[in-house]
Amino acid sequence: MADIIREITGPAGPLEVQIEKPAGDARAAVVFAHPLPTHGGTMHTKVVFQGTKALARIGCAVLRFNFRGVGRSAGAWDEGRGEIDDFRSAVDFMAAQYPGLDLWAAGFSFGAYVALMEGAQDDRICALIGIAPPVNRYDFAAAMKSQKPKFIIHGEADELIPLKQVREFYAQLADPKELVEIDRANHLFDGQVSEVGDALEDLLADFTCRTQ
């Protein structure tokens, strides 16, 4: 991938993307989904941007993208159904670009719902990463049944998705799993976004699906 890739083929037309590469050879490929488009979420949302950088620092090639109707991505909001299809197209792209590597699904807020649900059901994906998953707003049944490694990061003071509900959700997840709670952090991790990056590095620096 010598050329800078700015878009990939999506089910509703081109999807705007950015790919962050590690300094050396990639050890994993990641697709990172952004928060709710109807509430201003984009691939440039701070948590997505900093999370992508953190994963690249520990050796991952990371694709973040705009869902349909966001930025330069074609199409229009589709209540989550089409957005899951968009995520699948991004996974198709990264699986083709990085054959043989671990493939991880990651997302923030609404993006965590998309990543956990699609990641749980796609046999190519071997690890699920959810930041502030909206467990009080969507059905996470497939993710709860999944035997794949799951990594959850949540803010202690999240005003939209109470930590208590995330703890209850986490308790029902199948192993293996890990939960990191970030002290005092709200839903957007305002002023604490770097702590999300630190948590991703701590959780995944030495992780590989092959050891599970």
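This is a predicted model, so every value here is computed, not measured. (Residues numbered from 1 in each chain as written. Predicted model: local features only at pLDDT ≥ 70, side-chain atom pairs only at ≥ 80, totals over all residues. Heavy atoms only, no water.)

A. Geometry of the state of the cysteines. Throughout the structure, instances matching the rule amount to one disulfide. One disulfide bridge connects C126 with C209, the sulfur atoms lying 2.0 Å from each other. Where C126 bonds to C209 through sulfur, the torsion about that S-S bond is close to 80°, and the disulfide is right-handed. Here C209 lies in the segment after helix 6 (193-204) and C126 lies in the loop between helix 3 (110-121) and strand 6 (127-131), a separation of 83 residues in the sequence. Comparing C126 with C209, the two get one shared label, buried. C60 forms no disulfide, and the closest cysteine sulfur to it belongs to C209, at a distance of 10 Å. (Disulfide = S-S within 2.5 Å. Helix = DSSP H or I, 4+ residues; strand = E, 2+ residues; numbered from the N terminus. Buried < 20%, exposed > 50% of the residue type's maximum accessible area, 1.4 Å probe, protein only.)

B. Main features of the pattern of salt bridges. Counted by the stated rule, this structure contains twelve salt bridges. One salt bridge connects R88 with D85, and the closest N-O pair in it is separated by 2.8 Å. With R88 and D85 both in helix 2 (residues 81-97), this residue pair falls three residues apart, about one helical turn. Given a relative accessible area of 31%, R88 falls into the partly exposed group. A salt bridge links D92 to R124; the shortest N-O distance between them is 2.8 Å. One end of the pair, D92, is in helix 2; the other, R124, is in the loop between helix 3 and strand 6, with 32 residues separating them in the sequence. Several salt bridges converge on common partners, so that one network encompasses D85, R88 and E118. (Salt bridge = Lys/Arg side-chain N within 4 Å of Asp/Glu carboxyl O.)

C. Highlighting the pairing of strand 6. Of all the five residues making up strand 6, five are buried; the element is thus mostly covered by neighbouring parts of the structure. Covered by surrounding structure in strand 6 are A127, I129 and I131 together with L128 and G130, the residues of both alternating faces. In the sheet, strand 5 (residues 102-108) pairs with strand 6 via five bridges, with the strands oriented parallel. Its bridge partner being in strand 6, G107 is matched across the sheet by G130. In terms of handedness, the path from strand 5 via helix 3 over to strand 6 forms a crossover that is right-handed. Strand direction decides the pairing type here: strand 6 and strand 7 (residues 150-155), joined by four bridges, are parallel. Across the sheet, the residue bridging to L128 is K150, located in strand 7. (Pairing = 2+ DSSP bridges. Right-handed = clockwise from strand over helix to strand, strands pointing away.)

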